[in-house]
Amino acid sequence: MVKTCILPVAGLGSRFLPATKSIPKEMLIVVDKPLIQYAVEEAKAAGVERFIFVTSQGKSAIEDHFDRLQLLEQTLANREKYDLLDKIVSNSLEPSQAVYVRQPAPLGLGHAILCARHLIEEESFAVILADDLILSKTPCLKQMTDAYNAEDGNMVATMVVEPDHVSRYGILTIQDENGRKIRASNVVEKPAIDKAPSRSAVIGRYILKHEILDTLSNQPAGAGSEIQLTDAIQRMLPNTPLTGYTYEGERFDCGTKRGWLEANIAFACQDENVYAHLVPMLKRYVDNYNPR
Ligand code: G1P
């Protein structure tokens, strides 16, 4: 159903400086893969065939990561390292699958999506924010595409966040709930804690109607003086409904050091051999807490 996914990767990653001075934050590694690869794999698992990366200056490592590298492939083949060869070949994207467009200035998530407007047909499309990494049995976007039906309009992934975190997210006004689906009557970007209509936050997975691109084209700047995707979703209401999807899984905010560190531990623990080593390793540091 959803064949195209936009991956906005133009953000500065300032919370991770100096690491992100020359490395895009989407190239930060969780265990053995960069965040952006997790995002692409998740989209592929949901049936996506076309990837639009909205980039900015200094992000060329992302293009390189999904490109073929003749010399490396040849070297691995010569050394008969076929498992590694297979990994890097299957991770690359064909020229017909990947498009890179630039966001010329950091004008917000809505503006980033708008930069891909000319590449979107009359189709619903997905958006994945790579720094929201989700560990789940079924990849989050696949859960959403499986659950999506014509009445859902725009769909966003959602989770309940701590009260003092609501001002970091788009927050839904809940009209009613049916299983994992929330019908939202409104959504507001980064409300103050006392103005938040609920604690149900938008997480970085979206299935959007293509009409949102028209709405974004005349969207004034909102919170943080940025063109907000949330505001465009809100302006499409009530004609285009808004559905929050309560996904199964654990989400890590890899835009923060704490979230990234936790993701590394959680993903490492998926491998039982690593898990066996990790527990005593962590215990050693916890038991001998000794900041230098
Ligand atoms: C963006 C969206 C926000 C959403 C969040 C999820 O905010 O604007 O609505 O809740 O992603 O991570 P950002 O984190 O880019 O400030």
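Reference entry: report on the structure contained in this document. Bear in mind that the values here come from a model prediction, so they are computed numbers and not experimental data.

**A word on the site of the ligand**
Inference 1: Close to the ligand lie 13 residues, the nearest being Asp132, Gly170, Glu189, Lys190 and Val202.
Inference 2: Note that an oxygen atom of the ligand is positioned 3.0 Å from one of the backbone N or O atoms of glycine 170.
Inference 3: Taking lysine 190, its side chain carries an N or O atom lying 2.7 Å from an oxygen atom of the ligand.
Inference 4: When isolated, the ligand has an accessible area of 380 Å², and the protein chains bury 76% of it.

**Focus: the pattern of salt bridges**
Inference 1: Per the counting criterion, the structure on display carries 13 salt bridges.
Inference 2: Ionic pairing is found between aspartate 214 and arginine 117, a salt bridge with its closest N-O pair at 2.6 Å. Placement of the pair is aspartate 214 in helix H7 (residues 212-217) and arginine 117 in the loop between helix H5 (109-114) and strand S6 (125-128), with a sequence separation of 97 residues.
Inference 3: By relative accessible area, which is 44% here, aspartate 214 ends up partly exposed.

**Here we look at the environment of proline 24**
Inference 1: Within the element layout of this structure, proline 24 appears in the loop between strand S1 (4-8) and strand S2 (29-30).
Inference 2: Taking the relative accessible area as the measure of exposure, proline 24 reaches 3% and is therefore buried.
Inference 3: Once the C-alpha coordinates of proline 24 and glutamine 57 are considered, the two residues, 33 residues apart in sequence, prove to be 9.6 Å apart.
Inference 4: Aside from chain neighbours lying at most four places away, what touches proline 24 is Gly58, Lys59, Ala61 and Ile62.

**Observations regarding a nonpolar patch on the surface**
Inference 1: A cluster of nonpolar residues, Leu261, Ile265, Leu282 and Val286, forms a patch on the protein surface that exposes about 340 Å² of accessible area.
Inference 2: When residues of the nonpolar patch are traced back to their parent elements, those giving at least two are helix H9 (257-268) and helix H10 (272-287).

**Regarding the layout of surface pockets**
Inference 1: Counted as a void, the second largest pocket has a volume near 530 Å³.
Inference 2: Considering the residues around the second largest pocket, the lining is formed by 19 residues, among which His165, Arg251, Asp253, Arg258 and Glu262 are closest to the centre.
Inference 3: Contributions of two or more residues to the lining of the second largest pocket are made by strand S8 (154-160), strand S13 (250-253) and H9.
Inference 4: Looking at which element gives the most residues to the lining of the second largest pocket, the answer is S13, with 4 residues.
Inference 5: A class-by-class count of the residues in the lining of the second largest pocket yields 5 nonpolar, 6 polar and 8 charged.

**Some remarks on the packing of aromatic side chains**
Inference 1: One pass over the full model with this rule turns up 5 aromatic pairs.
Inference 2: Between phenylalanine 53 and phenylalanine 66, the ring centres sit 5.5 Å apart and the planes meet at 35°, which makes this aromatic pair tilted. Here phenylalanine 66 lies in helix H2 (residues 60-66) and phenylalanine 53 lies in strand S4 (residues 50-55), a separation of 13 residues in the sequence.
Inference 3: On the basis of relative accessible area, phenylalanine 53 is assigned to the buried category, the value being 0%.
Inference 4: Both rings, one in phenylalanine 252 and one in phenylalanine 267, keep their centres 6.2 Å apart while their planes meet at 65°; by these two values the pair is edge-to-face. Separated by 15 residues along the polypeptide, phenylalanine 252 in strand S13 and phenylalanine 267 in helix H9 bring together distant segments of the chain.
Inference 5: The class for phenylalanine 252 is buried, based on a relative accessible area of 2%.
Inference 6: Members of the aromatic cluster, each reached through a chain of ring pairs, are Tyr38, Phe252 and Phe267.

Definitions and limits used
- Residues numbered from 1 in each chain as written.
- Predicted model: local features only at pLDDT ≥ 70, side-chain atom pairs only at ≥ 80, totals over all residues.
- Heavy atoms only, no water.
- Near = heavy atom within 4 Å.
- Polar contact = N/O pair within 3.5 Å; in protein donor to acceptor, adjacent residues only side chain to side chain.
- Areas by Shrake-Rupley, 256 points an atom, 1.4 Å probe, with all protein chains shown as cover.
- Salt bridge = Lys/Arg side-chain N within 4 Å of Asp/Glu carboxyl O.
- Helix = DSSP H or I, 4+ residues; strand = E, 2+ residues; numbered from the N terminus.
- Buried < 20%, exposed > 50% of the residue type's maximum accessible area, 1.4 Å probe, protein only.
- Contact = heavy atoms within 4.5 Å.
- Patch = residues over 30% accessible without salt bridge, like charges linked within 9 Å, V, L, I, M, F, W, Y side chains within 5 Å.
- 1 Å grid on protein atoms, 1.4 Å probe; cavity = no way out; pocket = protein on both sides within 12 Å on 5 of 7 lines; lining within 4 Å.
- Points joined across faces, edges and corners; volume = space filled by probe spheres on them.
- Nonpolar A, V, L, I, M, F, W, Y, C, P; charged D, E, K, R; others polar.
- Phe/Tyr/Trp six-rings, centres within 6.5 Å; stacked < 30°, edge-to-face > 60°.

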